[in-house]
Amino acid sequence: MTIKLDTQFLKLDYQKYDKIDLVPVIHTMIHEHTGEGSDYLGWLDWASRVDERFFQEIEETAKRIQENSNVLVVIGIGGSYLGSKAIIEMLKPHFPEDNQTEVIYAGQHVSGSYLKQLMKYLDSKEVTLNVISKSGTTTEPAIAFRVLRQYMEDRYGFEAKSRIIATTDGESGALLELAAQNGYQRFVIPSDIGGRYSVFTAVGMLPVAVAGLSFRDLLDGAKNAELELNEADIEKNVAYQYAVLRQDFYNNDYSTEILASFEPQLMYLHEWWKQLFGESEGKQQRGIFPASVVYTTDLHSLGQYIQDGKRNIFETMVSFVNKADDFYISEDRQNLDKLNYLCDTSLHDFNKKSLIGSASAHTDGGVPVMHLEIENFDAYHVGYLMYFFMKACTMSAYLMDVNPFDQPGVEFYKKNTYKLLQKNKKQEA
Ligand code: PA5
């Protein structure tokens, strides 16, 4: 068992879902690449397709960066940064360790103060940049890259170009042109893999390798998920069970899903999940709104709303059976804080009890709860889990009859902002 879908808190049964017969049909559609957007299904078998050359190139580049840099600045937004950020936050220690190359991010927002302070921070470090953009034209990372490229050129002169790596499309885009002209090392984002499905390509794997994590184990987990979640029969496919239950809630007026976990290290996994499901499903006036909480922190803030607020939410709790890095509460002779009843209880066990306690409270309050239980908290299982979500998301979006792989809505804000900035420029002239 790698992932178990525990439905003890649910009254629903996926077998009663009225579109259940569509599951094997959509499964075939996914695997035969016949559905809408099927040009972007390259991620489906990517983990079993990559060859030793891919592994070696990532490993050699990561080693070089670790040897000559204290900091890798990853420039990207959306799917170009959230995957690696999620993995690094999950698997790296909470506090930085000496002598390890730190991975930090830029271009994921537009903030003058952030960029100014970042450059000041970089002044005392040796730096490499990894600029990531599939389209090569996204404004936020393009702005950050212009600023940081100039910073690198001023600081390193001719050497700057060997400290800049571009991860982008293999055929077109401004970033590709810029990288080719300047002779930067390049990694290609396959044309059939979109941003939010690209975590297992160089987009996610280079920063993860630089952070000292085993990207081989992550890909191994994804590869096994690919095999195990390749079943048309819903009884044998936990990703499809999750997808179908989500859709059943949605059809019963539960329009918001809250992903909840009990480790602060999962906060960015939530962000990655929100992008995956939000951009894949939210179109044509349809879609489940993806939200997230980290417990027990949020039980003391949003917990009130979840227990007692508007009843349009369902919850998916994520937990791990085993967590190696744990802590036990010891006995205190005086026991003035009255906590001796927790003696020899690990904090991981405490969280397991909190999960059951909050799940049954929320169920009683009218919030249906699903529970995804993952065996171990390690790179292999994180790889498995991310693939699980991508497969479930694809099934879920197709059940909702939307294309899981485009994001036409994102273009609207871009066009408006561009128009306003151009107008300002004309007025100034
Ligand atoms: O999932 C997607 O495709 C998008 O959210 C992109 O990841 C995001 O817009 C960044 O795009 P790009 O990598 O082209 O800069």
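Because the structure is predicted, anything quoted here is derived from the model rather than measured. (Residues numbered from 1 in each chain as written. Predicted model: local features only at pLDDT ≥ 70, side-chain atom pairs only at ≥ 80, totals over all residues. Heavy atoms only, no water.)

Trainee: Would you mind showing me how to read the site of the ligand here?
Mentor: Near the ligand you find 13 residues, and of these Ser 80, Ser 133, Ser 135, Thr 138 and Gln 275 are the closest. A distance of 3.4 Å is found between an oxygen atom of the ligand and a backbone nitrogen or oxygen belonging to Gly 195. Contacts to the ligand include Arg 196, whose backbone N or O atom sits 3.0 Å from an oxygen atom. If the ligand stood free it would expose 390 Å²; the protein chains cover 89% of that surface. Of the residues in the shell around the ligand, the class split is one nonpolar, nine polar and three charged. (Near = heavy atom within 4 Å. Polar contact = N/O pair within 3.5 Å; in protein donor to acceptor, adjacent residues only side chain to side chain. Areas by Shrake-Rupley, 256 points an atom, 1.4 Å probe, with all protein chains shown as cover. Nonpolar A, V, L, I, M, F, W, Y, C, P; charged D, E, K, R; others polar.)

Trainee: Just to check I follow, could you spell out the nonpolar core for this structure?
Mentor: Nonpolar side chains in soluble globular proteins tend to end up buried together. The biggest cluster of nonpolar side chains holds 96 residues, and the ones touching the most others in it are Phe 200, Met 205, Trp 272, Phe 388 and Phe 389. With 15 residues, helix α14 (residues 379–399) is the single largest residue contributor to this core. Counting contributing residues, this core receives three or more from each of domain 1 (3–34 + 234–399) and domain 2 (42–213). When residues no more than four places from it in sequence are discounted, the contact partners of Phe 389 are Tyr 242, Leu 259, Trp 272, Trp 273, Leu 276, Phe 277 and Leu 372. (Core = buried A, V, L, I, M, F, W, Y, C linked by side-chain atoms within 4.5 Å. Buried < 20%, exposed > 50% of the residue type's maximum accessible area, 1.4 Å probe, protein only. Helix = DSSP H or I, 4+ residues; strand = E, 2+ residues; numbered from the N terminus. Domains from an automatic or database assignment. Contact = heavy atoms within 4.5 Å.)

Trainee: Whenever I open this one, a nonpolar patch on the surface confuses me. Can you help?
Mentor: A contiguous nonpolar surface patch, about 300 Å² in accessible area, is contributed by Phe 327, Leu 347 and Phe 350. Note on placement: Leu 347 falls in helix α13 (residues 347–364). The class of Leu 347 is partly exposed, set by a relative accessible area of 38%. (Patch = residues over 30% accessible without salt bridge, like charges linked within 9 Å, V, L, I, M, F, W, Y side chains within 5 Å. Salt bridge = Lys/Arg side-chain N within 4 Å of Asp/Glu carboxyl O.)

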